[in-house]
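Remarks on the overall topology
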Amino acid sequence: MAERPRTDAATSARLSRQRRRDTKPELALRRLLHAAGLRYRVDRAPLPGLRRRADVVFTRARVAVYVDGCFWHSCPVHATHPRNNAQWWADKLAANVARDRDTDRRLEEAGWTVVRIWEHEDPTAAAEKVVRAVRADEADEADEADEADEADEPSDYRS
């Protein structure tokens, strides 16, 4: 990516106020997940050594949730493209999207489920999507445990 262009003071001040965590969409999602009885970690790297932090992490279920901002992650519905320093911003936003796909790939290869939610999505629908992912993983773990128990029992077991 090219060298960062000079920015006027007003733009710099506005961008420095952008929250990295605890955004309104993220807080709304977390409230609903907590109300559904789920417990989670916040702003945590799902994998050791991966410098990419998920917004909500379910460590036991191995589910990582990202609440992506429409501007920063190039939402297909709401993405905008700055006119000042247009090429630099195009490169920057494309790199963000590429990093998102790389993160998804790495986590999935490590056995994680990745849930991506756009900031404009309805929080209730987003929470339902996360709950389904977490509960599906919990069900898979229970099935694996049952299969392991069955494998330990002799097939001609008599009381």
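Structure's up top.
A few points on the structure. (Residues numbered from 1 in each chain as written. Predicted model: local features only at pLDDT ≥ 70, side-chain atom pairs only at ≥ 80, totals over all residues. Heavy atoms only, no water.)

1. Points about the packing of aromatic side chains
- The final tally for this structure, using the stated rule, is five aromatic pairs.
- Pairing Tyr40 with Phe58 gives two aromatic rings, centres 5.9 Å apart and planes at 70 degrees, and the pair type is edge-to-face. Taken as a pair, Tyr40 in the loop between helix H2 (24–35) and strand E1 (41–44) and Phe58 in strand E2 (residues 54–58) lie far apart in primary sequence, 18 residues in all.
- Classification of Tyr40 by relative accessible area gives partly exposed; the value is 22%. (Phe/Tyr/Trp six-rings, centres within 6.5 Å; stacked < 30°, edge-to-face > 60°. Helix = DSSP H or I, 4+ residues; strand = E, 2+ residues; numbered from the N terminus. Buried < 20%, exposed > 50% of the residue type's maximum accessible area, 1.4 Å probe, protein only.)

2. Focus on the nonpolar core
- Counting residues in each nonpolar core, the largest one holds 17 residues, and the members touching the most others are Leu29, Leu33, Phe58, Val63, Val65 and Val130.
- Looking at this core, the elements that each hand over two or more residues are H2, E2, strand E3 (63–68), strand E4 (113–118) and helix H4 (123–152).
- By residue number, the principal contributor to this core is H4, which donates six residues.
- Sequence-distant contacts of Val130, defined by excluding residues within four places in its chain, comprise Leu29, Leu33, Phe58, Val65, Val115 and Ile117.
- With nine residues, the next largest nonpolar core counts Val57, Tyr66, Trp112 and Val114 among its residues. (Core = buried A, V, L, I, M, F, W, Y, C linked by side-chain atoms within 4.5 Å. Contact = heavy atoms within 4.5 Å.)

3. Describing helix H3 (residues 86–109)
- Here H3 spans 35 Å end to end across 24 residues, near enough to the 34 Å set by a 1.5 Å rise per residue.
- For H3, the full list of buried residues reads Trp88, Trp89, Leu93, Asn96, Asp100, Asp102, Thr103, Asp104 and Leu107. (Expected span 1.5 Å × (residues − 1).)

4. Side note on the state of the cysteines
- Going through the model one piece at a time under the given rule, you end up with zero disulfides.
- Looking at the unpaired Cys70, the closest cysteine sulfur is the one in Cys75, lying at 3.8 Å.
- Of the residues examined, Cys70 reaches a relative accessible area of 5% and is grouped as buried. (Disulfide = S-S within 2.5 Å.)

5. As for the environment of Arg62
- You can see Arg62 is positioned in the loop between E2 and E3.
- Excluding residues that lie within four positions of it along the chain, Arg62 makes contacts with Ala110, Gly111, Trp112, Thr113 and Asp137.

6. Some remarks on the pairing of E2
- Within E2, five of the five residues are buried, leaving the element largely enclosed by the surrounding structure.
- Pairing geometry for E1 and E2, over three bridges, is antiparallel. Each residue of the ladder has a partner; that of Val42, found in E2, is Val56.
- When E2 meets E3, the two strands line up antiparallel, connected through three bridges. By the bridge assignment, Val57 is partnered in E3 with Ala64. (Pairing = 2+ DSSP bridges.)

7. A few points about the sheet that holds E2
- Judged by pairing direction, the sheet is mixed, and its four strands sit side by side in the order E1-E2-E3-E4 without closing on themselves. Each edge of the open sheet is held by one strand with a lone partner, namely E1 and E4. Across this sheet, the average inter-strand angle for adjacent strands is 30 degrees, counted without regard to direction.
- Alignment of E3 against E4, held across six bridges, turns out to be parallel. Residue pairing across strands places Val63 opposite Thr113, the latter belonging to E4.
- Helix-sheet contacts for H3 involve E3 and E4, and the interaxial angle to E4 is about 150 degrees. (Axes fitted to C-alpha atoms, helices over the stretch in contact; angles between N-to-C directions.)

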